[in-house]
Every structure is written in structure tokens, then in C-alpha cells.
Amino acid sequence: MNLYLRYFDRETLVHTVDEAIAFLSEIEEVGMNPVLEADIREYAASDVFYPKRYKVRPRVYFIIIKTEADNMQDFKDKKAVHNTAAMMGTTKPAAPVIVRLNEVKPGWYEGMIDFKRVLLVPGTGKYQYRDTQFVAHVKANSGIDCYNRIVDYLRERVDERSQFPSAKGKNFKFRYLGMAK
């Protein structure tokens with residue numbers, strides 16, 4: 001496992017932790033010390049693959065990224081991207097939400113949306129937002145079409161001040177039911 005380090009426009013790809021510490025020691029602002037050195041060694045030895053950033057001063061950081069790239073060009077071309085799904089034995093990584101939303105697959109969908117509905121409080125005569133869940137079976141061409149049909153339906157039936165979430169967020173879920181319901 002190699003390490004990519006960057007501090008502003010200074011960057012390097014090293015093959016050992018000692019090389020990384022030597023690179024950071026050359027940068028005066030970083031202020032290499034035994035605590036920082038021990039933390040970098042611990043990060044390099046761990047199974048964690050997300051990038052790690054270290055604070056130099058307020059709003060100024062340097063980053064370390066684990067990579068399997070052998071040289072800087074491979075790293076820049078993203079030829080050695082670490083695939084955590086493959087490491088964990090997952091056969092197929094989960095498709096991004098955008099891809100699933102736009103995948104054209106005509107048929108019936110079950111869509112579930114959590115939104116903020118404006119309701120009148122009878123005792124006070126004031127309005128308040130209430131979290132509301134709405135589930136519907138919709139004939140649509142894709143996940144985004146299912147979302148649009150549900151939101152269009154709700155806009156006609158609830159107060160216009162109600163707030164609907166993004167189709168890409170966690171408050172909208174859908175599943176394909178097939179061609180026949």
C-alpha cells in the first residue's frame with residue numbers, strides 16, 4: 001500500500017511511512033512531532049481506506065490517501081482506486097442513487113416519500129409542519145418518474161407551503177414491482 005500526501009501545491013507518492021514522514025518533516029509549517037508521527041504510522045497500518053486530513057492551523061490541512069498506484073501518473077489517472085466493495089466480498093457494488101433513479105424500466109413502482117406537510121391546528125388556528133409519510137403504487141417509467149408523479153399528486157391535495165424532499169435524498173425510496181401489480 002502506498003501513500004499520497006498533499007499540502008497545497010506540494011505533493012508526493014511514497015512507498016513507505018518513513019518516506020511520508022521525511023516528506024512532511026521538510027515542510028516547516030506542518031511541525032512534525034512524535035504524536036503526529038505515531039498517528040500517521042497508525043493510519044498507514046490500519047484497515048481504514050478513506051483519506052485522512054491533519055490540521056496545520058485553522059482552515060489549513062494536509063491530506064494522506066492510501067492508494068495501490070505505483071506512481072503519481074497512475075494515481076492521477078485513478079488507475080489504482082481501492083475498491084472496498086470487492087475487499088468485503090460483495091459481488092456487485094450498490095448503484096449510485098442517480099443511476100437507479102434515471103434507469104428506464106416501465107412498470108409499477110412503489111414509492112415512499114417523507115415530507116413536511118402544513119396542517120392547521122384546530123385549537124389555535126395556527127399552522128404547523130408535520131412529518132408525513134406517503135406511500136403509493138404508481139405506474140411509471142423510472143424512479144424519477146415515480147417521484148414526479150407522487151409529488152404532482154400531493155401538490156394538488158396538500159397545502160402549497162408543504163415541503164417535499166429531493167428525489168436523491170434519503171426521504172424518497174422506491175422499488176420496482178414489475179409490469180403487473
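A brief look at the structure comes next.

1. Some points on the packing of helix α1 (residues 17-26) against helix α2 (residues 34-45)
Between two packed helices, both the angle of their axes relative to each other and the distance between the axes serve to describe the pair.
Here's step 1: Closest axis-to-axis distance for the α1/α2 pair is 10 Å, and the angle between their directions is 145°. Remark: the crossing between α1 and α2 carries right-handed chirality. Between α1, through Val17, Asp18, Ile21 and Leu24, and α2, the contact on the second element is made entirely by Glu37, Ile40, Arg41 and Ala44.
Here's step 2: Tallied by class, residues from the contact of α1 with α2 come to 5 nonpolar, no polar and 3 charged.

2. Quick look at unusual backbone geometry
Here's step 1: Even without being a glycine, Phe8 presents a positive backbone phi close to 55°.
Here's step 2: You can call Phe8 exposed: its relative accessible area is 54%.
Here's step 3: Of note in this structure, Arg59 is not a glycine but carries a positive phi near 65°.
Here's step 4: Relative to the helices and strands, Arg59 is located in the loop between β3 (52-57) and β4 (60-67).

3. Some words on the sheet that holds strand β7 (residues 172-178)
Here's step 1: With respect to topology, 3 strands assemble into an open sheet ordered β6-β5-β7, the strand pairing being antiparallel. Every interior strand has two partners, whereas the edge strands, β6 (127-140) and β7, have only one. Between one strand and the next, the sheet's axes are offset by a mean angle of 20°, whatever the strand orientation.
Here's step 2: Across 6 bridges, strand β5 (residues 107-120) lies against β7 in antiparallel orientation. Bridged to Met112 within β7 is Lys173.
Here's step 3: Of the strands in this sheet, β5, β6 and β7 touch helix α6 (residues 143-157), which is tilted by about 130° from β6.

Thresholds applied
Residues numbered from 1 in each chain as written. Predicted model: local features only at pLDDT ≥ 70, side-chain atom pairs only at ≥ 80, totals over all residues. Heavy atoms only, no water. Axes fitted to C-alpha atoms, helices over the stretch in contact; angles between N-to-C directions. Helix = DSSP H or I, 4+ residues; strand = E, 2+ residues; numbered from the N terminus. Left-handed = near helix turned anticlockwise from the far one by under 90°. Contact = heavy atoms within 4.5 Å. Nonpolar A, V, L, I, M, F, W, Y, C, P; charged D, E, K, R; others polar. Buried < 20%, exposed > 50% of the residue type's maximum accessible area, 1.4 Å probe, protein only. Pairing = 2+ DSSP bridges.

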